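One letter stands for each residue in the lines below.
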Amino acid sequence: MTEGCGINRSFWSRRAVLAGLSGVLAASVSTASATSTATESRPPAARRFRIYMVVFRGWTDTDRGFKDYLDANRVPVELIVRDAKGDKGALAGIAAEIIREKPDLVYTWGTTASVEILGPYDSTDPKRYVTAVPSVFANVSNPVDARLTPNLNGSGRNIAGSTYLAPLDAQLKALRSFRPAQRLGVIYSADERNSLDVVAALRLLTAGAGMSLIERPIQPSRDDAAKRASLPRLVAEVSGEKADFLYIPPDSFLSAHGKLLTSAAIEAKLPTFAAAEGTLTGSDALMGLVSRYYNIGKLTGSLAERILVKGEKPGTMPVTSLSRYSLILNIRVALAIGIYPPMRLLKISEVIE
C-alpha cells in the first residue's frame, strides 16, 4: 500500500489511463500495492554491499523508499550518500570518487545526476563516467530521450533503472477533464534535460490536440535567487496570454520552489497541473497525475536486490515503472481560484487540502 495519512488512495492503471479518460471515469478504481515486496526473509550475508547514493537536491521519499526496501528485505548494505545540492558541476567530482572507490553498486536520483554520473549510452568515457560499476537510476522522466538507454527493453550497459512519469497523453486527458483547455502554459528550467525533453514532447502532443502551448523558460543562472525572483513574472506572463492551465513539468528547480510558483498562480487565478509528486505535494498545485516517489524508491530497491543478491545483469533488465498512478486534487486550491472540480472527477481522485 502507499503511505497512508488517513486518506484512501485512488489509482489509475497504466492500461486504463492510456485507453482514455472517459473509460477510466467509468471504470472502478482499486487501491493496490505499487511495488513488490519480498515474501521470504533471508539471513544476512557475510559482507555488506557498498552502495553510493547520488542525490541532487537532498534526501527525498524516493531515497527513503530505496533504503526501506533494502532494509525490509535484509539486503546487507553500507550506504554512502553524496548530495550535489542542486549543483550540476559537483557531479563530475562525485563520479571521479565513485570510479576511484569501486563500490558494489551506484544509485542515482533524477535525470541530471544520472546522466552526469553514468553518461549517455552513445558516448561513455570510462575516465569521466561510471561504467565499470553496476548502477540503478530512479526518478528519470524519460531515460531514452536522456540517452541513458537506447530503448526501454534493456540498456545494454552496466545500468538498470526506473521511470516515474505518467504518459503525457494521459496527463493531458486528466487536465482537460477538470475544465476545457485550449491554451496551455508551461514554465520550465532551460538547463534541465528532463524538463526540456518533456516540453519537447508536450509541443507535439498539444499541436496534435489543436492546443496552443505558451512557453516560458527559466534562463540558466548560478544565481538561484534571481531564478526564484523570475517565477512570479513568468506566471504573470502566462496568465496574461490567457492560458487555461499552467503545466509544471518534472523539474528539480521547480520542485524546490514550487510553493512560490503556485502561490503566484493562485494569485492570478490560474489552475496548475503538476507532473511529479514532489512538485505537487510540496506546493499549492491544483492537481496532478503522479507516481508516488516512495514506491518508485522501493521499485528501484528491488532492481538493486536483483543485481547484488541474485546476480542479474543490469543491461538485460528492462526499464521499469509503476503500474498505477495517483490522480490528486487539492480542494483548497480549487476553492481559492474559484473553480470547483466536476463530481465525476472527484469520485476517482485522491482529494487533499
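Basis of the calculations
- Per chain, residue numbering runs from 1 following the sequence as it is written.
- Per-residue local features of the predicted model are confined to residues with pLDDT of at least 70, and side-chain atom pairs are confined, for both listing and counting, to 80 or more; whole-chain, interface and lining totals are unaffected and use all residues.
- Side-chain calculation: all heavy atoms of the structure are included, whereas hydrogens and water are not.
- Orientation is described by lines fitted to C-alpha atoms, with helices fitted over the stretch in contact, and by angles between N-to-C directions that extend from 0 to 180 degrees.
- Helix and strand labels come from DSSP, where a helix needs a run of H or I of at least four residues and a strand needs a run of E of at least two; each type is numbered from the N terminus.
- Any angle that is under 35 degrees is reported as roughly parallel, and any over 145 degrees as roughly antiparallel; angles of 65 to 115 degrees are reported as roughly perpendicular and all others as oblique.
- By convention the crossing between two helices is left-handed if the near helix lies anticlockwise of the far one by an angle smaller than a right angle, and right-handed if it lies clockwise.
- Note on contacts: a residue pair is in contact if any heavy atoms of the two residues lie within 4.5 Å.
- Classes in brief: Ala, Val, Leu, Ile, Met, Phe, Trp, Tyr, Cys and Pro nonpolar; Asp, Glu, Lys and Arg charged; the others, Gly included, polar.
- Between rings of Phe, Tyr and Trp, where Trp is taken as its six-membered ring, a pair exists when centres lie within 6.5 Å; planes separated by under 30 degrees are stacked, by over 60 edge-to-face, and by other angles tilted.
- To sort residues, take the accessible area from a 1.4 Å probe on protein chains only and compare it with the maximum for the residue type: under 20% means buried, over 50% means exposed, and anything in between is partly exposed.
- Two strands make a pair as long as DSSP finds a minimum of two bridges between them.
- Helix span, as expected, comes to 1.5 Å for every residue beyond the first.
- Relevant arc is that of directions from the helix axis to the C-beta atoms, nothing else.
- Pairs of N or O atoms within 3.5 Å make up the polar contacts considered here, provided that, within protein, one atom can donate a hydrogen while the other can accept it, and that residues adjacent in sequence are counted only when both atoms are side-chain atoms.

**Considering the packing of helix α4 (residues 91–101) against helix α5 (residues 111–118)**
Phase 1: Where α4 contacts α5, the axes come no closer than 9 Å and their chain directions differ by 50°. When the axes of α4 and α5 are compared, the pair comes out oblique. Where α4 crosses over α5, the handedness of that crossing is right-handed. On the side of α4, the interface is formed by Leu91, Ile94, Ala95 and Ile98, while α5 contributes Thr112, Ala113, Glu116 and Ile117.
Phase 2: Counted by class, the contact of α4 with α5 contains six nonpolar, one polar and one charged residues.

**Some remarks on the packing of aromatic side chains**
Phase 1: According to the stated counting rule, one finds four aromatic pairs in the structure shown.
Phase 2: Arranged with centres 5.9 Å apart and planes meeting at 85°, the rings of tyrosine 164 and tyrosine 293 form a pair that is edge-to-face. With tyrosine 164 in the loop between β6 (159–163) and α6 (168–178) and tyrosine 293 in helix α12 (residues 293–308), this residue pair connects regions lying 129 residues apart in the sequence.
Phase 3: The buried category is assigned to tyrosine 164, whose relative accessible area is 5%.
Phase 4: You can call tyrosine 293 buried: its relative accessible area is 10%.
Phase 5: With centroids separated by 6.1 Å and ring planes inclined at 90°, the aromatic side chains of phenylalanine 178 and phenylalanine 245 adopt a geometry described as edge-to-face. Residue phenylalanine 178 is found in helix α6, and its partner phenylalanine 245 is found in strand β9 (residues 245–248); the two are separated by 67 residues along the sequence.

**Considering the sheet that holds strand β4 (residues 105–109)**
Phase 1: Here five strands make up an open sheet; going across it, the order is β3-β2-β4-β5-β6 and the pairing parallel. Each edge of the open sheet carries a strand with a single partner, namely β3 (77–83) and β6. For this sheet the average axis-to-axis angle between neighbouring strands, irrespective of direction, equals 15°.
Phase 2: Summarising the sheet, strand β5 (residues 135–140) and β6 pair through four bridges and their orientation is parallel. Within β6, the residue paired with phenylalanine 137 across the bridge is glycine 161.
Phase 3: Lying over the sheet, α4 contacts β2 (49–55), β3 and β4, oriented at roughly 175° with respect to β2.

**Focus: helix α3 (residues 61–72)**
Phase 1: With twelve residues, α3 should reach 16 Å at 1.5 Å per residue; the first-to-last C-alpha distance of 16 Å fits that figure.
Phase 2: Those residues of α3 not exposed but buried are Thr62, Asp63, Gly65, Phe66, Tyr69 and Leu70. All buried residues of α3 fall inside an arc of 160° around its axis, so they share one side.
Phase 3: Its buried side turned inward, α3 meets β2, β3, β4, β5 and α12.
Phase 4: Here α3 starts with a cap whose side-chain oxygen sits 3.2 Å from the backbone nitrogen of threonine 62, and that cap is threonine 60.
Phase 5: Arginine 74 sits one or two positions beyond α3 and adopts a positive phi of about 55°.

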